[in-house]
Every structure is written in structure tokens, then in C-alpha cells.
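Coordinate inspection notes
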Amino acid sequence: MKALDIALSGIRMGSPVTLENLTMFPLLGDAVGQPGYLTLEEALQSGQVRVTEVSEQGSVPNLCLVNEAEIPVLLLDGEELVGAKQNRIVNLTIMVAAKSETVIPVSCVEAGRWSRQSDEFSAAGRAHFSRGRAEKTAHINASMGADGPVQPPPPPAPPPPPVQRRGKAHGPPPNAGNSSAWICSIRPSHSQSS
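Here is a short report on the structure shown in this document. Values in this document were obtained by computation on a predicted structure and should not be read as measured data.

Structural notes on the pattern of salt bridges
A complete count under the given rule lists eight salt bridges for this structure. A salt bridge links Arg50 to Glu120, with the shortest nitrogen-to-oxygen separation between them at 3.7 Å. With Arg50 in strand E5 (residues 49-53) and Glu120 in the loop between strand E11 (100-108) and strand E12 (121-127), the pair connects residues that are 70 residues apart, well separated along the chain. Close ionic contact of Glu53 with Arg88 constitutes a salt bridge, the shortest N to O distance being 2.9 Å. Placement of Glu53 in strand E5 and of Arg88 in strand E9 (residues 88-90) is noted, with a sequence separation of 35 residues between them. For the pair Glu53 and Arg88, one class covers both residues: buried. Members of the salt-bridge network, linked through shared partners, are Arg50, Glu68 and Glu120.

Description of a nonpolar patch on the surface
On the surface, Leu4, Leu8 and Ile11 cluster together into a nonpolar patch covering about 260 Å² of accessible area. Summarising the element assignment, Leu4 is placed in helix H1 (residues 2-9). Judged by its relative accessible area of 44%, Leu4 is partly exposed.

Regarding the sheet that holds strand E4 (residues 38-39)
Here three strands make up an open sheet; going across it, the order is E4-E7-E10 and the pairing mixed. Both outer strands of the open sheet, E4 and strand E10 (94-96), are each paired with one neighbouring strand and no more. Of the pairings in the sheet, the one linking E4 to strand E7 (residues 73-75) comprises two bridges and is parallel in character. Across the sheet, residue Thr39 finds its bridge partner in E7, namely Leu74.

Criteria and cut-off values
- Residues numbered from 1 in each chain as written.
- Predicted model: local features only at pLDDT ≥ 70, side-chain atom pairs only at ≥ 80, totals over all residues.
- Heavy atoms only, no water.
- Salt bridge = Lys/Arg side-chain N within 4 Å of Asp/Glu carboxyl O.
- Helix = DSSP H or I, 4+ residues; strand = E, 2+ residues; numbered from the N terminus.
- Buried < 20%, exposed > 50% of the residue type's maximum accessible area, 1.4 Å probe, protein only.
- Patch = residues over 30% accessible without salt bridge, like charges linked within 9 Å, V, L, I, M, F, W, Y side chains within 5 Å.
- Areas by Shrake-Rupley, 256 points an atom, 1.4 Å probe, with all protein chains shown as cover.
- Pairing = 2+ DSSP bridges.

The following block contains the structure:
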């Protein structure tokens, strides 16, 4: 508990940022350090990680990740990988140990193609939208309870239309420094009847 007390003693709350019924409070700290892991995109770009099909034939719900880095690699739920036989998204957030090889669970996001475009996957630089990730997770959970192998989810729903905002968004205060976290507070919106 002492280590946690020491870590928390250097954190202060910054000025709140509000948009409509959402208020966020940045948690600021003086110490800026490296996170101790690589993101999937960083690791792929550096050549320290390779993501491939699990075999020459491939398997829709699985890919093979080889981490040759000295530190772990963080994969986020919904990150898209492009290439190989079919584009896929990562099914859950995973921290892959340094110097290891693991099979990662994925879902198809490219219906109709099952032909090799490349030997390895690359990062798409984008993630699946939240509603699509929720639908994918519900389908996977339902499939895991059923008999037989997990079936890939149906093609994702189209992304939601852009939200029109009436208020003005404000970014972090100019002197916010390096925010390491945000605390969010959502106030219920009260609609007025005519």
C-alpha cells in the first residue's frame, strides 16, 4: 500500500473540461515516464512484432503474434489488422509478454476475401467503433456457451452517423502538462417539455 500512497501523492486534479452533460477532470502528475510496453502499432512499425495467419491454411478466429521485443506489447480490443488472407479486428485487450509467441482471438471485418495479400499483417491505424465492438463481444459470448467451435460474428453494422453538438468542445487547459488520466462525471440531461 505504501507504493500506491507514494504514487498518488504526486497527482493533482486539473481544471475540469465540460461538454454538454459530461465533465472531465484531468489527473496531472510531475513524473513523466515511459509506459513499459509498446502499442501494437509501435511494435509492428519497429519490426519487433510479427502477426501472421496461424498456419498456411489460416483460421478466421485466430492469428499468431510473435513478440521479439524486450518489453510487452499492448493490443486493444477493436484494433484492426490488415493483410494476409483477410482483415481482422482484435477481440479483446491483451498484454502480450516480451519474447513470446501467442495466438490472439480475432474477428473478420472483410467478408468475401480469403486470399493471401501479404505474409504478415500491418496495423490499420484505426479501431472498430464502439457499437460494433459491443455486438462482436455479445456474439462471441453467446458462441462460447454453445456447443461446437466459435463461429465468426456476422458482418458489422455500419458506423453511427456523426453526432451534432450544440455546445462547444473545449480541450484541456493550455498549461495542463502531461495528463496521465481523466476522471469523468456525467450529469443527467434534463429535457424540457413544451
